[in-house]
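Listed below are the residues making up each chain.
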Amino acid sequence: MNPLRVGMIGYKFMGKAHSNAYRALPMFFPGALKPEMAVLCGRNEEAVQEAANRLGWREIATDWHELVARDDIDLIDINAPSDAHKEIALAAARAGKHIFCEKPLALTLKDSREMLAAAEAAGVAHMVGFNYRFSPAVKLVKELVQSGRLGKIYHFRAWFLQDWILDPSFPLVWRLQKDVAGSGSHGDLGAHLIDLAHYLVGDIREVIGISETFIKERPLAENMTGLSAKSSANAPKGPVTVDDATLFLARFANGALGSFEATRFAAGHRSTNAFEINGSLGSVKFDFERMNELEVYFTSDDADVQGFRRVLATDPAHAYAEAWWPPGHTIGFEHTFTHEMLELTSAIREGRQPVPSFREGVQCQAVLEAVERSVAERRWVDISEM
């Protein structure tokens, strides 16, 4: 097949991660459908040209409408702020383009369902960016659960802890504004936990939650780059309209219990994305800050050697590992995006939907909004209500 011609909208934190993935894919997975980094799009012409030169894109555009309409583009990659996802995705579907969209899929469940319906009606491939699924150690967890080696699953507990806005003087970036981001730590961090829960354990049936915004106002930002920003010493303040922390409990359809915590106010935690699963025959523990490792416990071990063992998921027996380095030579955050793009391009070549698709994005959005309803109404909320 001809190369997959990509037009990408957004070029900062996720734009860099996606660009790196497109460049690495044919080098380490030579049998994959090759992505061609055709056009990079952003509103600031000077900034997007600098990014294109640095990241390796052939051309630039400053109007995404024109990019989506081009006949020489096959895939639209959306990593702009969340409030732009829906409009771009709907236009891309109408134009018959395949779509990759960063999470959360949309600002609301209604919008995400509309995006899914449009993509399905257009018959295009559609994928949402839950990259943590694509860690070899997480793939190993999936195999252990699916094969029954952990037995009946009783518990899934997960936490995603950061501290990058702990300083009250940190500026009011777009991620702290509900009309742009949709939600705060809940949709940004908690969405990943929810997707991992769906992927590893199964459907969530009902939830009950609490949330808090600890810093109610912040200085207005003068400029923003990825997760960093600057403001002047006497800058006026604006309201923070999203959560700083959200915690919730869940019941899964299969009877398992879940607990979830997402916060940006956990001092000392730069990005602790972790979970533990307990089953009748064993347990696993994973922390993305040590993403190559999985802690595994089996009840069938002899009594004198029972305990959690460290498994280094870098052997040929582990997903993706053989494409990279010899056993014991670890990989990092950026590799999950390469694996993500491998799934996307493979699905396009094979004429199937990639996973996770917009359907999984909608499923996650339903849980996010159920938790928000629970917080507002102070009660258990069944996902079927959504």
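For the structure, see preceding data.
Residues numbered from 1 in each chain as written. Predicted model: local features only at pLDDT ≥ 70, side-chain atom pairs only at ≥ 80, totals over all residues. Heavy atoms only, no water.

## What to know about the overall build of the protein
Part 1 of the argument: Per the secondary structure count, the protein includes 10 helices and 19 strands.
Part 2 of the argument: For a compact globule of 386 residues, the expected C-alpha radius of gyration is about 21 Å, and the protein comes in at 21 Å, within 12% of that figure.
Part 3 of the argument: Each of the three principal axes of the protein carries a C-alpha extent, and together these read 65 × 50 × 40 Å.
Part 4 of the argument: Considering the protein as a whole, with its 386 residues, one finds that 56% of them fall into the buried category.
Part 5 of the argument: Taking the intrachain contacts of the protein between residues at least 6 apart in sequence as the baseline, contacts between residues at least 24 apart amount to 70%.
Part 6 of the argument: Accessible surface, the protein: about 16600 Å² in total, of which carbon and sulfur atoms supply 50%.
Part 7 of the argument: Seen as two clouds, the 41 positive and the 51 negative side-chain charges of the protein have centres 1 Å apart. (Helix = DSSP H or I, 4+ residues; strand = E, 2+ residues; numbered from the N terminus. Rg over C-alpha atoms; globule rule 2.2 N^0.38 Å. Buried < 20%, exposed > 50% of the residue type's maximum accessible area, 1.4 Å probe, protein only. Contact = heavy atoms within 4.5 Å. Areas by Shrake-Rupley, 256 points an atom, 1.4 Å probe, with all protein chains shown as cover. Lys, Arg positive; Asp, Glu negative; His and termini not counted. Charge placed at Lys NZ, Arg CZ, Asp CG, Glu CD.)

## Quick word on unusual backbone geometry
Part 1 of the argument: Residue P104 is bonded to the preceding K103 through a cis peptide linkage, with omega at -15°.
Part 2 of the argument: Among the structural elements, P104 can be located in the loop between β5 (98–102) and α5 (109–122).
Part 3 of the argument: The linkage connecting V355 with the following residue, P356, adopts the cis geometry, with an omega of 10°.
Part 4 of the argument: Position of P356 among the secondary structure elements: in the loop between α9 (333–350) and α10 (358–377).
Part 5 of the argument: Within the chain, Y320 stands out as a residue other than glycine whose phi angle is a positive 70°.
Part 6 of the argument: Tracing the sequence through the fold places Y320 in the loop between β18 (309–312) and α9.
Part 7 of the argument: At R378, a residue that is not glycine, the phi angle is positive and equals roughly 55°.
Part 8 of the argument: As for its position among the elements, R378 is in the loop between α10 and β19 (381–382).

## Some remarks on the pairing of strand β2 (residues 35–41)
Part 1 of the argument: Across the seven residues that make up β2, a large majority, six, are buried.
Part 2 of the argument: Note: strand β1 (residues 4–9) against β2, six bridges, orientation parallel. Looking at the pairing, G7 lines up with V39 of β2.
Part 3 of the argument: In this structure, β2 lies alongside strand β3 (residues 59–61), joined through three bridges in parallel fashion. When the bridges of β3 are listed, C41 appears paired with A61.
Part 4 of the argument: Note that the unit made of β2, helix α2 (residues 45–55) and β3 has a crossover that is right-handed. (Pairing = 2+ DSSP bridges. Right-handed = clockwise from strand over helix to strand, strands pointing away.)

## Looking at the environment of M341
Part 1 of the argument: By secondary structure assignment, the location of M341 is in helix α9.
Part 2 of the argument: For the pair M341 and V138, spaced 203 residues apart in sequence, the C-alpha separation works out to 17 Å.
Part 3 of the argument: Once residues lying within four places of it in the same chain are set aside, the contact partners of M341 are H18, A21, Y22, L25, D77 and F100.

## Points about the environment of V381
Part 1 of the argument: Relative to the helices and strands, V381 resides in strand β19.
Part 2 of the argument: Residue classification places V381 among the buried positions, given a relative accessible area of 0%.
Part 3 of the argument: Along the primary structure V381 and A250 are separated by 131 residues, whereas in three dimensions their C-alpha atoms are 9.6 Å apart.
Part 4 of the argument: The residues contacting V381, other than those within four sequence positions of it, are R205, E206, V207, A370, R373, S374 and M386.

## A word on the nonpolar core
Part 1 of the argument: By size, the foremost hydrophobic cluster in this structure holds 112 residues, and its most contacted members are F156, I204, F260, F275 and I277.
Part 2 of the argument: The next biggest cluster of nonpolar side chains, apart from the first, holds 11 residues, and it includes L172, V173, I215 and V240. (Core = buried A, V, L, I, M, F, W, Y, C linked by side-chain atoms within 4.5 Å.)

## Details of α2
Part 1 of the argument: Inspection of α2 places V48, A51, A52 and L55 among the buried residues, and these make up the whole buried set. Take α2 and look down its axis: the buried residues cluster within an arc of 100°, on one side only. Exposed side of α2, more than 90 degrees from the buried face: E46 and N53 are the residues found there.
Part 2 of the argument: Of the surrounding secondary structure, the elements contacted by the buried residues of α2 are α1 (13–28), β2 and β3.
Part 3 of the argument: Immediately beyond the C-terminal end of α2, within one or two residues, lies G56, with a positive phi of roughly 100°. (Arc of directions from axis to C-beta.)

## What to know about helix α6 (residues 136–146)
Along an α-helix, residues three or four positions apart point the same way, because every turn accommodates 3.6 residues.
Part 1 of the argument: Within α6, eight of the 11 residues are buried, leaving the element largely enclosed by the surrounding structure.
Part 2 of the argument: Within the sequence span of α6, burial applies to P136, A137, V138, K139, L140, V141, L144 and V145.
Part 3 of the argument: G148 occupies a position one or two residues after α6 and carries a positive phi of about 90°.

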